[in-house]
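# Fold and geometry: a report
Residues per chain, in single letters:
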Amino acid sequence: MNKFEKMLEKWNKNNFRGAKINLAKALNVADTTVSAWCIGRVKPAADKIEKMAKLFGVDEREVKSAFGIEDKEFSRSLRVTPLTDKNTISLPILADVPAGLPEFSDADVETFWDIPRWVFPGADFVVKCNGDSLEPKLHQGDYCVIRKTEDPIHGRAMVVKTENGVCMKVINKRKDGTIELRSTNAKYRPFIPQELTIVGLIIGHWRRDDKENWNDLTE
């Protein structure tokens, strides 16, 4: 008795006799069709699999598995591409925002993060957010992925260096040609820096959501 026949028997009150006929009636198909399914001569269509899953009280994947049908959506989500030197990039994660940005030394690097190249194309380094001026999107301690550039990009969050140090702000190009630095946090007012160096564009970020466990993990 194969996997499908076992499912059929269980559905028919643990009695295989008459199970094929009863299923044929429930699905409005010929008895010979169900018999062909049982011996593996043909496979049921998608709509019949859906109905059988409801009748049997199981997930559609179980019915597909019984017939040896690959669940393309599920199997696609399980496929992984091995990480190699050709398809990965090793990004330096800076321990803090160095005062020397856009340049930094080996002493500023906390560790390296190996990721597939397609995740953050053009990324150069990772740095922790050192303030709350970009809340609610970015929070202090979030890891921000930076692509180096010297060009201020209007409307984008960037890492910049001003006379007061390094910070993360949204670039606002005014009509008179001056660049204003804005925050998404309402408690900070926009300002025009006297000195400005563009360090890089924030192209992505991530955070850990289990901050309550950080101390336990680092002790």
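Calculation rules
- Residues numbered from 1 in each chain as written.
- Predicted model: local features only at pLDDT ≥ 70, side-chain atom pairs only at ≥ 80, totals over all residues.
- Heavy atoms only, no water.
- Disulfide = S-S within 2.5 Å.
- 1 Å grid on protein atoms, 1.4 Å probe; cavity = no way out; pocket = protein on both sides within 12 Å on 5 of 7 lines; lining within 4 Å.
- Points joined across faces, edges and corners; volume = space filled by probe spheres on them.
- Helix = DSSP H or I, 4+ residues; strand = E, 2+ residues; numbered from the N terminus.
- Nonpolar A, V, L, I, M, F, W, Y, C, P; charged D, E, K, R; others polar.
- Pairing = 2+ DSSP bridges.
- pLDDT = per-residue confidence, 0-100.
- Contact = heavy atoms within 4.5 Å.
- Core = buried A, V, L, I, M, F, W, Y, C linked by side-chain atoms within 4.5 Å.
- Buried < 20%, exposed > 50% of the residue type's maximum accessible area, 1.4 Å probe, protein only.
- Polar contact = N/O pair within 3.5 Å; in protein donor to acceptor, adjacent residues only side chain to side chain.
- Axes fitted to C-alpha atoms, helices over the stretch in contact; angles between N-to-C directions.
- Arc of directions from axis to C-beta.

## Focus: the state of the cysteines
- Using the criterion set out here, one finds zero disulfides in the structure.
- Cys129 carries a free sulfur, and the closest cysteine sulfur to it, the one in Cys144, is 5.1 Å from it.

## Re the layout of surface pockets
- In this structure, the largest pocket occupies an estimated 200 Å³ of space.
- Taken together, Leu134, Lys137, Leu138, Gly155, Arg156, Ala157, Val170, Thr184, Ile202, Ile203, Gly204 and His205 make up the full set of residues lining the largest pocket.
- Ranked by the residues each element gives to the lining of the largest pocket, the list is headed by strand E8 (residues 196-206), at four residues.
- Residue classes in the lining of the largest pocket are distributed as six nonpolar, four polar and two charged.

## Details of the pairing of strand E7 (residues 179-182)
- Here strand E6 (residues 165-173) pairs with E7 via four bridges, running antiparallel. Along E7, the bridge assignment pairs Asn172 with Glu180.
- The turn linking E6 back onto E7 is made up of five residues, and Gly177 within it adopts a positive phi angle of 95°.

## Considering the confidence of the model for the chain
- Mean pLDDT over the chain stands at 81; residues scoring 70 or higher make up 80%.
- Of all helices and strands in the chain, the one with the weakest mean pLDDT is helix H7 (residues 214-218) (45), whereas helix H2 (residues 19-27) scores best (94).
- Between residues 74-80, whose pLDDT stays under 50, and residues either more than four places distant or in other chains, the model counts three contacts.

## Focus: the pairing of strand E4 (residues 143-148)
- In this structure, strand E3 (residues 125-128) lies alongside E4, joined through four bridges in antiparallel fashion. Note on E4: the bridge partner recorded for Lys128 is Tyr143.
- Across six bridges, E4 lies against E8 in antiparallel orientation. Its bridge partner lying in E8, Arg147 is registered against Leu201.

## Topic: the nonpolar core
- Ranked by size, the top nonpolar core spans 17 residues in total, and within it Phe4, Leu8, Leu23 and Met52 carry the most contacts.
- Of all the secondary structure elements, the ones that give two or more residues to this core are helix H1 (3-11), H2, helix H3 (31-39), helix H4 (46-56) and helix H5 (60-66).
- Filtering out sequence-adjacent residues up to four positions away, Leu8 remains in contact with Phe16, Ala19, Lys20, Leu23, Val34, Cys38 and Phe56.

## Regarding the environment of Asn2
- Relative to the elements of secondary structure, Asn2 occurs in the segment before H1.
- Spatially, the C-alpha atoms of Asn2 and Ile39 are 8.6 Å apart, while their sequence positions differ by 37 residues.
- Within the structure, the side chain of Asn2 is placed 2.7 Å from the backbone nitrogen of Glu5, a separation counted as a polar contact.
- Within polar-contact distance, the side chain of Asn2 engages the backbone oxygen of Cys38 at 2.6 Å.

## Quick look at the sheet that holds E3
- Strand order across the open sheet formed by eight strands is E2-E1-E3-E4-E8-E5-E6-E7, with mixed pairing between neighbours. With partners counted over all chains shown, the strands left at the sheet margins are strand E2 (109-116) and E7, one partner each. Put simply, the sheet's adjacent strands are angled 45° from each other on average, direction ignored.
- One ladder, built from two bridges, connects strand E1 (residues 88-94) with E3; its direction is parallel. Within the sheet, the bridge partner assigned to Leu94 lies in E3 and is Val127.

## With respect to H1
- Of the positions making up H1, those classed as buried are Phe4, Glu5, Met7 and Leu8. All buried residues of H1 project into a common sector of 160° when viewed along the axis, lining one side. In H1, those exposed residues whose orientation departs by more than 90 degrees from the buried face are Lys6 and Lys10.
- Its buried side turned inward, H1 meets H2, H3, H4 and H5.
- N-cap assignment for H1: the residue whose side-chain oxygen lies 3.2 Å from the backbone N of Phe4 is Asn2.
- Just downstream of H1, Lys13 is the residue with a positive phi angle, here 60°.

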